[in-house]
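Spelled out from the first residue to the last, the chains are:
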Amino acid sequence: MISASELVSGDFMTALLARMGGGGASRARLYAGTRPASGASHTQGLVGLVLFADVAGEVVAGELVIAPGPVSVALLPSAPVWARVSNGEEAFLFDCDCRLSGAADTGQELVLSGTALQAGVALQILSGTLSALPA
């Protein structure tokens with residue numbers, strides 16, 4: 001992770017939010033297993049796909065605070081541990097860590113509904129924080 005001033009992080013997060021687009025265009029593909037290098041191809045099974053809210057979030061004190069998204073459904077009975085985020089044109093934006101709301105918080109950027117997943121169970125983004133601020 002880069003470490004930047006609040007001003008620079010805020011500018012970066014504002015630009016990222018703009019690239020995510022409006023109207024629920026951005027999505028996160030959720031995966032279990034080891035996260036590959038950013039943007040690298042992988043062979044892991046897709047656990048689920050969730051959409052971001054029409055307005056994906058807001059920038060507060062240099063951080064992008066993610067808004068809750070619409071409900072989707074899980075595809076596999078696995079807990080996702082990382083997500084690949086793309087915009088409405090399917091352009092890669094970033095990879096990040098994620099967790100189910102019932103799992104331990106170890107700094108994952110996205111928090112998803114649920115404590116255990118089965119195929120067909122409701123799944124959505126509950127919250128998240130993206131930042132380039134020092135930890």
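Look above for the structure.
Here's what I pulled together on the structure shown here. These numbers were taken from a predicted model, which means no experiment stands behind them. (Residues numbered from 1 in each chain as written. Predicted model: local features only at pLDDT ≥ 70, side-chain atom pairs only at ≥ 80, totals over all residues. Heavy atoms only, no water.)

**Quick look at the overall build of the protein chain**
Logical step 1: Assigned secondary structure in the protein chain consists of 1 helix and 10 strands.
Logical step 2: When the elements of the protein chain are put in sequence order from the N terminus, they spell out α-β-β-β-β-β-β-β-β-β-β.
Logical step 3: Judged by the C-alpha coordinates and their principal axes, the protein chain covers about 40 × 30 × 30 Å.
Logical step 4: By residue count, 39% of the 135 residues in the protein chain fall in the buried class.
Logical step 5: Long-range contacts, defined here as pairs at least 24 residues apart, represent 62% of the contacts in the protein chain between residues at least 6 apart.
Logical step 6: Of the roughly 6700 Å² that the protein chain leaves accessible, carbon and sulfur atoms contribute 58%. (Helix = DSSP H or I, 4+ residues; strand = E, 2+ residues; numbered from the N terminus. Buried < 20%, exposed > 50% of the residue type's maximum accessible area, 1.4 Å probe, protein only. Contact = heavy atoms within 4.5 Å. Areas by Shrake-Rupley, 256 points an atom, 1.4 Å probe, with all protein chains shown as cover.)

**Here we look at the pattern of salt bridges**
Logical step 1: Scanning the entire structure with this criterion turns up 5 salt bridges.
Logical step 2: Glu-90 is the partner of Arg-27 in a salt bridge, and the nearest nitrogen-oxygen pair spans 3.1 Å. In this pair, Arg-27 sits in strand 1 (residues 27–31) while Glu-90 sits in the loop between strand 6 (82–86) and strand 7 (92–100), placing the two residues 63 residues apart along the sequence.
Logical step 3: A relative accessible area of 40% places Glu-90 in the partly exposed class.
Logical step 4: For Arg-29, the salt bridge identified is with Glu-90, shortest N-O distance 3.1 Å. Here Arg-29 is found in strand 1, whereas its partner Glu-90 is found in the loop between strand 6 and strand 7, with 61 residues between them in sequence.
Logical step 5: A single salt-bridge network, built from bridges that share partners, covers Arg-27, Arg-29 and Glu-90. (Salt bridge = Lys/Arg side-chain N within 4 Å of Asp/Glu carboxyl O.)

**Regarding the environment of Leu-7**
Logical step 1: Here Leu-7 is to be found in helix 1 (residues 6–20).
Logical step 2: Classification of Leu-7 as exposed rests on a relative accessible area of 63%.
Logical step 3: Placed 115 residues apart in sequence, Leu-7 and Ala-122 show a C-alpha to C-alpha distance of 37 Å.

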